[in-house]
Amino acid sequence: QVQLVESGGGLVQPGGSLRLSCVASGSIFKIYSMGWYRQAPGKQLELVATPTSSGSTNYADSVKGRFTISRDNAKNTEYLQMNSLKPEDTAVYYCQAEITPTAMNLVFAYWGQGTQVTVSS
């Protein structure tokens, strides 16, 4: 069983910062990629930041220069550092990972339960 758990969301004023964490746990053989998506009220799920096959990161235009992802491989943890937050960043943020579980030879996509980020004064 593989599980992704996000944390770090909350209420922040415009211009503030938050750091989200996503921890992958369970019977993990290999994590191929971890990324972040978000869904604002009444809107579709959108990509925030995901790694590319070349090793770089693909960021949504709306967050470029403000958001940064990083990974601690030893802890199976992905972070999303969010700076200069705007009200339009308000959304539920989801972690997504492509993982091969132990004793399997397939790659599965897993999602966390989401963490709410609200940017408001």
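As a reminder, the structure under discussion sits directly above these lines.
Residues numbered from 1 in each chain as written. Predicted model: local features only at pLDDT ≥ 70, side-chain atom pairs only at ≥ 80, totals over all residues. Heavy atoms only, no water.

Where do I start with the overall build of the chain in this structure?
Across its full length, the chain holds zero helices and 11 strands. Taken from the N to the C terminus, the helices and strands of the chain come in the order β-β-β-β-β-β-β-β-β-β-β. Taking 2.2 N^0.38 as the reference for a compact globule, 121 residues should give roughly 14 Å; the C-alpha atoms of the chain span a radius of gyration of 14 Å, in line with that estimate. Taken over the C-alpha atoms alone, the chain extends approximately 50 × 30 × 25 Å along its principal axes. Taken over 121 residues, the chain has a buried fraction of 42%. Counting only contacts in the chain whose residues sit at least 6 apart along the sequence, the fraction spanning at least 24 positions is 57%. Summed over its atoms, the accessible surface of the chain is roughly 6,600 Å², and 48% of this surface lies on carbon and sulfur atoms. (Helix = DSSP H or I, 4+ residues; strand = E, 2+ residues; numbered from the N terminus. Rg over C-alpha atoms; globule rule 2.2 N^0.38 Å. Buried < 20%, exposed > 50% of the residue type's maximum accessible area, 1.4 Å probe, protein only. Contact = heavy atoms within 4.5 Å. Areas by Shrake-Rupley, 256 points an atom, 1.4 Å probe, with all protein chains shown as cover.)

Which parts of the structure should I look at to understand the packing of aromatic side chains?
The relation between two aromatic rings is expressed through the spacing of the ring centres and the mutual angle of the planes. In this structure the tally under the stated criterion is two aromatic pairs. One cation-aromatic arrangement involves Arg19 over Tyr79; the distance from NZ or CZ to the ring centre is 4.2 Å. (Phe/Tyr/Trp six-rings, centres within 6.5 Å; stacked < 30°, edge-to-face > 60°. Lys NZ or Arg CZ within 6 Å of the ring centre and 35° of its normal.)

Got a minute to help me understand the sheet that holds strand S3 (residues 18–26) in this structure?
Think of a sheet as strands paired side by side through backbone hydrogen bonds, with each pair either parallel or antiparallel. If you walk across this open sheet you meet the four strands as S1-S3-S8-S7, and the pairing is antiparallel. Both outer strands of the open sheet, strand S1 (2–7) and strand S7 (67–72), are each paired with one neighbouring strand and no more. Taken over all neighbouring pairs, the strand axes of this sheet differ in orientation by 15 degrees on average, direction set aside. In this sheet, S3 lies alongside S1 in antiparallel orientation, the contact comprising six bridges. Looking across to S3, one finds that Gln3 is bridged to Ser25. (Pairing = 2+ DSSP bridges. Axes fitted to C-alpha atoms, helices over the stretch in contact; angles between N-to-C directions.)

What exactly am I supposed to notice about the side chain of Gln96 here?
For Gln96, the position within the fold is in strand S9 (residues 91–101). Assessed through its relative accessible area of 10%, Gln96 is described here as buried. Apart from the residues within four sequence positions on either side, Gln96 is in contact with Leu4, Ser33, Met34, Gly35, Tyr37, Ala109, Tyr110 and Trp111.

So what exactly am I meant to see when it comes to a nonpolar patch on the surface here?
Residues Met104, Leu106 and Phe108 make up a contiguous nonpolar surface patch of about 260 Å² in total accessible area. Among the structural elements, Met104 can be located in the loop between S9 and strand S10 (108–111). Residue Met104 is classed as partly exposed on the basis of its relative accessible area, which comes to 40%. (Patch = residues over 30% accessible without salt bridge, like charges linked within 9 Å, V, L, I, M, F, W, Y side chains within 5 Å. Salt bridge = Lys/Arg side-chain N within 4 Å of Asp/Glu carboxyl O.)

Honestly, the side chain of Thr50 in this entry has me stumped. Any pointers?
Structurally, Thr50 can be placed in strand S5 (residues 46–51). When residues no more than four places from it in sequence are discounted, the contact partners of Thr50 are Gly35, Trp36, Tyr37, Ser56, Thr57, Asn58 and Ile69.

Looking at this structure, I do not really get the state of the cysteines. What am I missing?
Should the sulfur atoms of two cysteines be covalently bonded, the bond is a disulfide. This structure, assessed with the given rule, holds one disulfide. Linked covalently through their sulfurs, Cys22 and Cys95 form a disulfide whose S-S length is 2.1 Å. Every disulfide takes its handedness from the sign of the S-S torsion; for Cys22 and Cys95 that torsion is -75 degrees, giving left-handed. Of this pair, Cys22 sits in strand S3 while Cys95 sits in strand S9, and the two are 73 residues apart along the sequence. Residue classification places Cys22 among the buried positions, given a relative accessible area of 0%. Judged by its relative accessible area of 0%, Cys95 falls in the buried class. (Disulfide = S-S within 2.5 Å.)

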